[in-house]
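# Descriptive analysis of the structure
One-letter residues, chain by chain:
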Amino acid sequence: MTLLVDLARDFRYGARALARTPSFTVVAVAVLALGIGATAAIFSLFSATWLKPLPFADEDRLVTLWADLTPIGGPARVEIAPANYAEWRERARSFESMAPIEIASFNLTGDGGEPERLSGVRTTSSLFATIGLAPLLGRTFVPEDGTGEPVAVVSEGFWFRRLGGDPAAVGRTITLDGSPHTIVGVVPRDFRFPFEIDVFVPTVFSAEQLASETNYFWYLVAKLRPDVTIEAARVEMAAVSAALRADNPARGVAVTIAPLRDTLVRGAGPRADESPRTLFVLLGAVALVLLIACANVANLVLARVTVRQRELAIRKALGAARGRLLRLLVSESMLLAAAGVVVGSATARATFGYLTRLLPGTLPASATLSLDWRVLALTITAALATVILFGAGPAFSAARRDFGASFGRAIGGRSAVASRLRMGLLVAEIALTVVLLAGAGLLLRSYRAVLAVDPGFPTANLLVAETVLPAPRAANPAERELFYRRVLDGVRALPGVESAGYTNFAPLAFKGGRALILVDGRPPPPPEEILRNIATNRSASAGYLETLGVPLLRGRLFDERDTRGAPRTAVINESLAQAYWSDGDPIGQRLSIGGGELVTVIGVVGDVRQLGLDQPADREVFVPLDQAASNAFAAPRHLVVRSDGDPLALAAGVRRAIWSVDPAQPVSSVRAMSEVLDAELANRSTQLTLIGAFALFAVVLAAVGLYGVLSYAVAQKTNEIGLRMALGARRGTVVGSVVRTALGTAALGIGVGLVAAFALTETISSFLYGVSPTDPATALAVAGVLLGVAGLAALAPAARAASVDPMTALRAEG
């Protein structure tokens, strides 16, 4: 009982002691809170995306299979063709089941609400059994589905959003692409591959489809047999591919097998690693912030405990027991840590909410986001350990010291070991700040470089609206031509519209759609050269290229002559013209696109950055809308409108013009081209915003740490400074000494930090554009900023040193 009373008294005393130094308390708690909050939030995102188990049975046996084009210089993960699925299913013995998935979208109409474009997939009846996903209501697909009356399975999200969560939804009919589909089941929203799905539609492959080796649009999910490892499956699939190539050298693509978790987390497709990279950058940055925060708090606590040597000496001389002294300082450290934990927990919640709003485009669709309290507990433990360790360590040392033999020295002296430890922590803090600041500087320069990229067309005053026709209408040339022509006539008649045109994919809106280009009269390339002869393939209406503002370099653009029954034509970009006719005129030359009919080149236009502002302009070929292939992929979907003012002011009028042609046609994703560019830069903007904020926080911490160390040093050397001034030292000399100490410490930390930053160049190089990871200008700017901060942090301690009264110092010595 007595011990509890003593502890309560110690905690009350500690609270009063912290209240007497509000500046120290506020700074220490704020540093702890920000370190805990930012770290817990970022690590919770990491835990949700990388560590949380998938909601599927036998997760460790679920894999995805991809076509591997690395033997011919392509990516290792490409969607497969139906023929690949048929051959692998027949020959491979490592898999219990396989399920192909084609990403699709469907127009929802006829339910009394506004027409809507739904995200969906076409898949076989084996999908839900393969992944082990049971329905919430009704059933999933059976083998007979897809051969009779159309049916659909809807997601939980769609069920609540559009059907009101009605338990009687099973058996209701919804109209997808103009065709009634009976809902047979509702499944949890857990399956988000490669994004959240609204509706699932069954498919049954025909013999003709299973022989197709050109329709590379299918993902393939498989379940390993219980006794088969993923390594064994890779060995078998390599043998299967080799056997297929032996039968026919043109077949038997190599195979990549990846765990389903890897695919859901990293994303799908050849550029799959781009989304989670931002999270890993933030993970590294916030780890540095936590280290800097802990170093800063440790320095503050260490300095505070050391400054209190006079108080400890007096208490010891008056008979205080060593244990009592130790409890006093440890209780104070625990109170400080507890305050930091309380504020840090609230900061973690706020930070996590902010990050989930800021990062939706950079997180995998499979992530179910929530603040991970286990992560928060670990972060809090690290912060507590820092405060208590650096508070209790010096306290224990002080409690053991024999003040009786050297009371005066104990009061006026200073610990060389503690001083070196504080200086070491400060150097480490500055070095870590350099790494963060250098990263932020490189990302800023990259962002500015991407912003300066010319996309190949004037982006101002452009509106982009998406109108995707149902597959049956898109496959009917006469019907789709009539729709697009009537829409264009209506939109062009709107006040404020300068021009309008249709394309299947506007710049940056879709980064696929490429085809093999073969020039008439030239031999086809060998297999290893195929990827060097692929170009981006787009369809466009008359007026589209003029609306986009792409410069015409040679020949003509599409007009009313390029109809379905007219000779087939094409417009190519400058890069394609240079690749095939660098020494000649491409006008009048003929080429084949994806093995189709020969088309005649009628014009050459400037390059457009279709695949990304940070990607080089691709070779590109345009075909007239009326002559495009009769499939949903080639059918134009993006209406591009150039206005004489704010393009978004036309949005309502454009919708009305489209609905006047077809009231059941969904109009989605109506955006100004500036919004498309913002979406393209979202990852870079997010990286820059957060890492810039972390770097700024680190700079402030470094300044606080440097100020604290210098202030303590000046306080400890007050008598020495007074003696020097009494012996003739000038105030400028004293100020210079303090500033030189600050700049020397900062220079040492900068040197260490730059070495560390250069050692980490491989980590950040893939995020950079137009700047080297060892960019000397950035290094000089970082050094200049931190030296300037060090100089500013030294001003107040230097002024305090210069104001020391020599007589006061002499009396103290006496």
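A quick note: this is a predicted structure, and the numbers were derived from the prediction, not measured. (Residues numbered from 1 in each chain as written. Predicted model: local features only at pLDDT ≥ 70, side-chain atom pairs only at ≥ 80, totals over all residues. Heavy atoms only, no water.)

Another point: the overall build of the chain. Of the regular secondary structure elements, the chain holds 26 helices and 21 strands. For the chain, buried positions account for 52% of its 814 residues. Element-wise, carbon and sulfur atoms account for 59% of the exposed surface of the chain, whose accessible area totals about 34800 Å². (Helix = DSSP H or I, 4+ residues; strand = E, 2+ residues; numbered from the N terminus. Buried < 20%, exposed > 50% of the residue type's maximum accessible area, 1.4 Å probe, protein only. Areas by Shrake-Rupley, 256 points an atom, 1.4 Å probe, with all protein chains shown as cover.)

With that out of the way, let us pick up the pairing of strand β9 (residues 218-224). Among the 7 residues in β9, 7 count as buried, and that is most of the element. Burial along β9 is two-sided: W218, L220, A222 and L224 and Y219, V221 and K223, pointing in opposite directions, are all buried. Here 4 bridges tie strand β1 (residues 62-68) to β9, and the two strands are oriented antiparallel to one another. Paired with L65 across the bridge in β9 is L220. Looking at chain direction, strand β2 (residues 95-109) and β9 are connected through 7 bridges and run antiparallel. Paired with I101 across the two strands is Y219, which belongs to β9. (Pairing = 2+ DSSP bridges.)

Next up on the list: empty space enclosed by the protein. Tallied over the entire structure, the rule returns 4 cavities of 30 Å³ or more. A volume near 60 Å³ is recorded for the second largest cavity. Residue lining of the second largest cavity: I430, A702, A703, L706, A746, L786, V789 and A790, and that is the complete set. Looking at the lining of the second largest cavity, the elements with two or more residues in it are α21 (682-716) and α25 (776-802). For the lining of the second largest cavity, the class distribution of residues is 8 nonpolar, no polar and no charged. (1 Å grid on protein atoms, 1.4 Å probe; cavity = no way out; pocket = protein on both sides within 12 Å on 5 of 7 lines; lining within 4 Å. Points joined across faces, edges and corners; volume = space filled by probe spheres on them. Nonpolar A, V, L, I, M, F, W, Y, C, P; charged D, E, K, R; others polar.)

Across soluble globular proteins, you tend to see nonpolar side chains buried next to one another. L436 and F694 are the most contacted members of the largest nonpolar core, which has 89 residues in total. In this view, L436 contacts A285, L288, V289, I292, I691, F694, A695 and A698; residues no more than four positions away in its chain are not counted. (Core = buried A, V, L, I, M, F, W, Y, C linked by side-chain atoms within 4.5 Å. Contact = heavy atoms within 4.5 Å.)

This part takes up the environment of R637. Assignment of secondary structure puts R637 in the loop between β19 (620-624) and β20 (638-643). Each C-alpha atom, one on R637 and one on E466, is 5.5 Å from the other, the two residues being 171 residues apart in sequence.

Taken as a whole and assessed by the stated rule, the structure comprises 9 aromatic pairs. The interplanar angle of 65 degrees and the centroid separation of 5.2 Å between the aromatic rings of F128 and F200 together place this pair among those described as edge-to-face. In this pair, F128 is assigned in helix α4 (residues 127-131) and F200 in strand β8 (residues 199-202), connecting sequence segments 72 residues apart. For the pair F128 and F200, one class covers both residues: buried. (Phe/Tyr/Trp six-rings, centres within 6.5 Å; stacked < 30°, edge-to-face > 60°.)

This part covers the packing of helix α23 (residues 731-759) against α25. Interaxial distance between α23 and α25 falls to 8 Å at its minimum, and their mutual angle equals 150 degrees. Relative to α25, the element α23 is oriented roughly antiparallel. Helix-helix and strand crossings are classified by hand; for α23 and α25 the assignment is right-handed. Counting all contacts with α23, which are made through R731, V734, V735, V738, V739, A742, L743, A746, A747, I750, L754 and F758, the residues of α25 involved are A779, A783, L786, L787, A790, G791, A794, P797, A798, A801 and A802. Of the residues that constitute the contact of α23 with α25, the class distribution is 21 nonpolar, 1 polar and 1 charged. (Axes fitted to C-alpha atoms, helices over the stretch in contact; angles between N-to-C directions. Parallel < 35°, antiparallel > 145°, perpendicular 65-115°, else oblique. Left-handed = near helix turned anticlockwise from the far one by under 90°.)

Attention now moves to the confidence of the model for the chain. Of the residues in the chain, 80% reach a pLDDT of 70 or more, and the chain-wide mean stands at 80. Counting interchain partners and residues more than four positions distant, the pLDDT-below-50 stretch residues 403-414 has 20 contacts. (pLDDT = per-residue confidence, 0-100.)

The next subject is helix α19 (residues 651-661). Of the residues making up α19, those classed as buried are A651, G653, V654, A657, I658 and V661. Buried residues along α19 cover an arc of 165 degrees about the axis, so they all sit on one side. With respect to the buried face of α19, the exposed residues turned more than 90 degrees away are R656 and S660. Buried positions along α19 lie against β11 (462-466), α16 (477-492), β20 and β21 (668-672). (Arc of directions from axis to C-beta.)

Looking now at unusual backbone geometry. Phi is positive for L508, which is not a glycine, with a value near 75 degrees. Looking at the secondary structure, you find L508 in the loop between β12 (497-503) and β13 (514-519). Residue classification places L508 among the buried positions, given a relative accessible area of 9%. In this model, S669 sits at a positive phi of 50 degrees, which is unusual for a non-glycine residue. Structurally, the position occupied by S669 is in strand β21.

With that out of the way, let us pick up the pattern of salt bridges. Going through the model one piece at a time under the given rule, you end up with 22 salt bridges. One salt bridge connects R561 with D559, and the closest N-O pair in it is separated by 2.5 Å. For R561, a relative accessible area of 49% translates into the label partly exposed. Residues joined by salt bridges that share partners form a network here, namely D58, R61, E96 and K223. (Salt bridge = Lys/Arg side-chain N within 4 Å of Asp/Glu carboxyl O.)

All right, on to the pairing of β11 then. For β11, the buried fraction is high: 5 of the 5 residues fall into the buried class. Going residue by residue along β11, you find L462, V464 and E466 tucked away on one face and L463 and A465 tucked away on the opposite face as well. Examined bridge by bridge, β11 and β20 share 5 bridges and lie antiparallel to one another. In the strand pairing of β20, L462 is matched with R642. Inspection of the sheet shows β11 paired to β21 by 3 bridges, in the antiparallel sense.

Quick look at the environment of Q627 now. Relative to the helices and strands, Q627 is located in the loop between β19 and β20. With 63 residues separating them in the primary sequence, Q627 and R564 have C-alpha atoms 5.0 Å apart. What Q627 contacts, discounting residues up to four positions off in sequence, is D562, T563, R564, A566, P567, R568 and T569. Among the polar contacts listed, one links the side chain of Q627 to the backbone oxygen of P567, at a separation of 3.2 Å. (Polar contact = N/O pair within 3.5 Å; in protein donor to acceptor, adjacent residues only side chain to side chain.)

Mapped onto the fold, R619 is located in the loop between β18 (598-605) and β19. Remark: the alpha-carbon pair of R619 and L576, spanning 43 residues in sequence, is separated by 4.7 Å.

The next point concerns the side chain of T203. Among the secondary structure elements, T203 is positioned in the loop between β8 and α6 (207-210). With near-sequence residues (within four places) excluded, T203 lies in contact with R122, T123, T124 and W218.

Moving on, we come to helix α3 (residues 82-91). The periodicity of an α-helix, 3.6 residues per turn, causes residues three or four positions apart to be oriented the same way. Counting buried positions over the 10 residues of α3 gives 7, a clear majority of the element. Structurally, α3 contributes buried residues whose contacts are with β1, β2, α6, β9, α7 (230-247) and β10 (254-259).

Right, let's get into the packing of α16 against α19. The geometry of α16 relative to α19 is characterised by a closest axis approach of 9 Å and an angle of 140 degrees between their N-to-C directions. On the basis of their axis angle, the class for α16 and α19 is oblique. The chirality of how α16 crosses α19 is right-handed. For the pair formed by α16 and α19, the contact residues are F483, R486, V487, G490 and V491 on the first element and V654, A657, I658, S660 and V661 on the second. Across the contact of α16 with α19, the residue classes break down as 7 nonpolar, 2 polar and 1 charged.

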